[in-house]
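Coordinate inspection notes
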Amino acid sequence: MTTDIKLFAIDKQPATEIPGRASTVEKTLHQLIERNLEALLGIRLLGSEYSTGRKQRGRIDTLGIDENACPVIIEYKRATNENVINQGLFYLDWLLDHRSEFELLVLRKLGEAAAAEIDWSAPRLICIAGGYTRYDEHAVEQMNRNIELIRYRRFGTKLLMLEMVNASSAEPGPALGNTAGAGRSMSEILEALDGPLSELYEALRRHLKDLGDDIQEKTLQNYVAFRRLRNFARVKVFSDSLRVYLKVDPTTVALKPGFTEDVRGKGRAASLSVTLRTLDDLERAKPLFQQSYEVS
């Protein structure tokens, strides 16, 4: 599949096209993505070419944990005919069979707090390639797994484009490992919603999804995440309100007690929280949602 995205330099006249290339996934690109993994995809690096042991004789290209504390495997497709999806699924199954090894790795690399937060309800497989066949995209749509196909393009030596081609989502799995016994899951909380709070949640959900056609919605163990390549909103449900965590610089907002709060340093990657109790609150917050979407 070819991309219809074209990039032009407009600093001189006439405008000139910057050619894009993606014939193969070079080792340098693999390294570039890993060096910037958190900025590009909201993922913290745990291992590069991570060995699955002597028995399987495999190596996971990139192993990490995302901003929702979910395990992530990234595989790079180096040729059009390479079956990277099946290979990634093999590694994903290996990971689910070796949870304790992954948890120990997180403990060693990121500390006790990160290890305690691991959410096994939605492990992810991300494939990165210069292009995919229609069969790749069709196969992903048939699988009840969290798989994302990302296409890349290099423009010159200083520009990298990442584009979501297709994504499939599995139903959230049960709370496993460190999340067990944490109380009602977000799926159970949403099922029990009724009355005005249910109407408010549905209005919020519709608005967040309508911000763009590249948005993924994922119900996790403790909240609902809305993301592009990275999260732009996390929604938690309380007895009388909804709280939305955004990537908006609090110093650019006139904070209002009970409505907006600076949450830098108080949890996962978010800097501003917005509390919604009414549809009027939702209307007031829409510019903030748009701002977070644009930077994610």
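Residues numbered from 1 in each chain as written. Predicted model: local features only at pLDDT ≥ 70, side-chain atom pairs only at ≥ 80, totals over all residues. Heavy atoms only, no water.

1. Some points on the packing of helix H8 (residues 195-209) against helix H9 (residues 279-295)
The relative placement of two packed helices comes down to the angle between their axes together with the axis-to-axis distance. For the pair H8 and H9, the least separation of the axes is 11 Å and the interaxial angle reads 20°. Between H8 and H9, the angle is such that the two are roughly parallel. The handedness of the crossing between H8 and H9 comes out as right-handed. Between H8 and H9, the contacting residues are Leu200, Ala203, Leu204, His207 and Leu208 on the first element and Leu279, Leu282, Lys286 and Phe289 on the second. A breakdown of the residues in the contact of H8 with H9 according to their chemical character gives seven nonpolar, one polar and one charged. (Axes fitted to C-alpha atoms, helices over the stretch in contact; angles between N-to-C directions. Helix = DSSP H or I, 4+ residues; strand = E, 2+ residues; numbered from the N terminus. Parallel < 35°, antiparallel > 145°, perpendicular 65-115°, else oblique. Left-handed = near helix turned anticlockwise from the far one by under 90°. Contact = heavy atoms within 4.5 Å. Nonpolar A, V, L, I, M, F, W, Y, C, P; charged D, E, K, R; others polar.)

2. Digging into the packing of aromatic side chains
In this structure the tally under the stated criterion is four aromatic pairs. Pairing Phe90 with Tyr91 gives two aromatic rings, centres 5.8 Å apart and planes at 65°, and the pair type is edge-to-face. Given the relative accessible area of 44%, Phe90 is considered partly exposed. For the ring pair Phe102 and Trp120, a centre distance of 5.4 Å and an interplane angle of 70° mean the geometry is edge-to-face. Placement of Phe102 in helix H4 (residues 99-110) and of Trp120 in the loop between helix H5 (112-116) and strand E7 (124-129) is noted, with a sequence separation of 18 residues between them. In this structure Phe102 comes out as buried when scored by relative accessible area, which is 2%. For Trp120, a relative accessible area of 2% translates into the label buried. A cation over a ring is seen here: Arg99 above Trp120, with NZ or CZ 5.7 Å from the ring centre. Just above the ring of Tyr245 sits the side chain of Arg234; from NZ or CZ to the centre is 4.8 Å. (Phe/Tyr/Trp six-rings, centres within 6.5 Å; stacked < 30°, edge-to-face > 60°. Buried < 20%, exposed > 50% of the residue type's maximum accessible area, 1.4 Å probe, protein only. Lys NZ or Arg CZ within 6 Å of the ring centre and 35° of its normal.)

3. Comments concerning the sheet that holds strand E13 (residues 242-246)
Across the sheet, six strands lie side by side as E10-E11-E12-E13-E15-E14; this open sheet has antiparallel pairing. Of all strands in the sheet, those with a lone pairing partner are strand E10 (216-219) and strand E14 (260-262), marking the two edges. The sheet shows a mean angle of 20° between the axes of neighbouring strands, direction not considered. Both E13 and strand E15 (residues 272-276) contribute to a ladder of five bridges, which runs antiparallel. The residue bridging Val244 from the neighbouring strand is Val274, located in E15. Contacting strand E12 (231-237), E13, E14 and E15, H9 crosses the sheet at an angle of about 155° to E15. (Pairing = 2+ DSSP bridges.)

4. A word on the state of the cysteines
Here a disulfide denotes a covalent bond joining the sulfur atom of one cysteine to the sulfur atom of another. Taken as a whole, this structure holds zero disulfides when the rule is applied. Here Cys127 is not disulfide-linked; the sulfur of Cys70 is the nearest cysteine sulfur, at 17 Å. Here Cys127 falls in the buried class, since its relative accessible area comes to 0%. (Disulfide = S-S within 2.5 Å.)

5. Here we look at the environment of Arg78
Topologically, Arg78 is positioned in the loop between strand E6 (71-77) and helix H3 (84-97). Of the residues examined, Arg78 reaches a relative accessible area of 32% and is grouped as partly exposed. Arg78 sits 51 residues away from Lys27 along the chain, and the two C-alpha atoms are 9.7 Å apart.

6. Side note on H4
Helix length check: H4 (twelve residues) gives 16 Å between terminal C-alpha atoms against 16 Å at 1.5 Å per residue, within 8%. In the core, the buried residues of H4 are packed alongside strand E4 (43-51), strand E5 (59-66), E6, H3 and H5. (Expected span 1.5 Å × (residues − 1).)

7. Some words on the side chain of Ser292
Mapped onto the elements of the fold, Ser292 is located in helix H9. Here Ser292 is in contact with Phe232, Leu246, Lys247 and Val248, once residues within four sequence places are set aside.

8. Let's talk about the nonpolar core
With 31 residues, the main nonpolar core has Leu204, Leu208, Leu276 and Phe289 as its most contacted residues. Of all the secondary-structure elements, those providing two or more residues to this core are helix H7 (186-192), H8, strand E11 (224-227), E12, E13, E15 and H9. Top contributing element to this core by residue count: H8, with six residues. Not counting the four nearest positions on each side in its chain, Leu204 is found in contact with Val235, Leu242, Val244, Leu276, Leu282 and Phe289. Core analysis: the second largest hydrophobic core is formed by 28 residues, Leu46, Ile85, Leu95 and Ile147 among them. (Core = buried A, V, L, I, M, F, W, Y, C linked by side-chain atoms within 4.5 Å.)

9. Some thoughts on the environment of Lys209
Tracing the sequence through the fold places Lys209 in helix H8. Given the relative accessible area of 34%, Lys209 is considered partly exposed. Separated by 105 residues in sequence, Lys209 and Leu104 have C-alpha atoms that sit 36 Å apart. If we skip the residues at most four places from it in the chain, Lys209 touches Ile215, Glu217 and Phe226. At 3.5 Å, the side chain of Lys209 forms a polar contact with the side chain of Glu217. (Polar contact = N/O pair within 3.5 Å; in protein donor to acceptor, adjacent residues only side chain to side chain.)

Purely spatial values, then, with no claim about function.
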